[in-house]
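# Geometric and topological summary
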Amino acid sequence: MLRNGLYIIATPIGNLQDISARALDVLREADVIAAEDTRMAKKLFSLLGLSLDKKFIKYEDHSEEKQAQGLIDLINAGSAVALVSDAGSPLISDPGYKLVRKCREQSIYVTAIPGACAVITALQLSGLPTNRFMFAGFIPNKDKARADLFNELKNIDTTLVFYETAPRLLKTLEQAASVFGAREVAVARELTKMYEEVISDSFAEVLAAFADNEPRGEFVVMIAPPTAAEYSLEDVRGILQKRLRETSLKTAVKEICEQYKLNKNDVYALALELKNE
Ligand code: SAM
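So, about the nonpolar core. Ranked by size, the top nonpolar core spans 21 residues in total, and within it Phe162, Leu173, Phe180, Phe210 and Ile223 carry the most contacts. Every element with two or more residues in this core is listed here: helix 6 (143-153), strand 7 (159-165), helix 7 (169-180), strand 8 (184-189), helix 8 (203-211) and strand 10 (218-223). With five residues, the single largest contributor to this core is helix 7. Not counting the four nearest positions on each side in its chain, leucine 173 is found in contact with Val185, Val187, Phe203, Val206, Leu207, Phe210 and Val221. Counting residues in hydrophobic clusters, the runner-up holds 20 residues, among them Ala23, Leu50, Ala82 and Ile113.

Looking now at helix 5 (residues 118-126). For an α-helix the count is 3.6 residues per turn, leaving residues at separations of three or four pointing the same way. Every buried residue belonging to helix 5 is among Ala118, Val119, Thr121, Ala122, Leu123 and Ser126, and all of these are buried. Where helix 5 is buried, its residues touch strand 6 (133-138), strand 7, strand 8, strand 9 (197-202) and strand 10. At the C-terminal side of helix 5, glycine 127 shows a positive phi close to 80°.

So, on to the sheet that holds strand 9. A sheet is described by the order of its strands in space; here five strands give the open sequence 6-7-10-8-9, paired in mixed fashion. The sheet terminates laterally at strand 6 and strand 9, the two strands that pair on one side only. Shown here is a sheet whose adjacent strand axes are inclined to one another by a mean of 20°, direction ignored. Across the sheet, helix 7 touches strand 7, strand 8 and strand 10, and the angle it forms with strand 10 is around 5°.

As a further point, take the site of the ligand. Of all residues adjacent to the ligand, which total 18 residues, the nearest are Ser89, Ile92, Asp94, Tyr163 and Phe219. Here an oxygen atom of the ligand and a backbone polar atom of alanine 118 are 2.9 Å apart. One of the backbone nitrogen or oxygen atoms of phenylalanine 219 is found 2.6 Å away from an oxygen atom of the ligand. Coverage of the ligand by the protein chains reaches 91% of its 570 Å² of free accessible surface.

Rules and cut-offs
- Residues numbered from 1 in each chain as written.
- Predicted model: local features only at pLDDT ≥ 70, side-chain atom pairs only at ≥ 80, totals over all residues.
- Heavy atoms only, no water.
- Core = buried A, V, L, I, M, F, W, Y, C linked by side-chain atoms within 4.5 Å.
- Buried < 20%, exposed > 50% of the residue type's maximum accessible area, 1.4 Å probe, protein only.
- Helix = DSSP H or I, 4+ residues; strand = E, 2+ residues; numbered from the N terminus.
- Contact = heavy atoms within 4.5 Å.
- Pairing = 2+ DSSP bridges.
- Axes fitted to C-alpha atoms, helices over the stretch in contact; angles between N-to-C directions.
- Near = heavy atom within 4 Å.
- Polar contact = N/O pair within 3.5 Å; in protein donor to acceptor, adjacent residues only side chain to side chain.
- Areas by Shrake-Rupley, 256 points an atom, 1.4 Å probe, with all protein chains shown as cover.

Structure below.
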């Protein structure tokens, strides 16, 4: 029998066999299944051969506050509540974080049963650096918001990972190409499914690959970290200004030169200018 609490359960992102033995045990034994779409959750239960004879409760982002309290009341009354998403790991571009926060505030037992997650699977297959990455969720739909986001992330020294939908993919790649220029991009589609595919190349080549094939399915877009050659003095002005407030001029100049492969004399001159401002 499960102790009362919240169980965050990863479910498959395509291949039905990608569910752990522990996840199956908890789904079988939980009193309540909380899901953003209870119809999808029931469908998953049927496919996994699990009994539907339990309470399924809708849990969405926009009404999280009220629904969260309802679930917490059930937990306090002794229930084991399992949180699932339509696919993959709950809370990753899916609802749940406010519920977890509320449970933690009230010292309610919370545990996670890890498993499939599109960000991680895509990164593993991309061939891009995985030592540092930034997952930025779904790419905004509007041109300006998308451009603003890309410009904001342009100088971050990590692989960037985004979720994207098929109808928006080409537009996104075109706009990203104008901001990220010569960087490598990787597009992963239909992970763990029959038509799983990962393309990694320049933006031009990846766009060309989709020219005759309308994008279909689910996508993860990944962009390689910046190369040192991409930085100009102007790009590091803000970072240098911040470091000058925190450390000595000598240390700040040394750090920036090493990290961004810039000329020492140029950075030193900029540091003096900033110090005197
Ligand atoms: N929580 C999920 C996870 O753990 O990955 C993600 C949920 S989010 C609402 C759905 C998005 O994840 C899709 O639009 C797509 O960008 C990505 N995604 C989910 N499954 C995928 C798959 N099998 N292949 C590629 N991308 C996938």
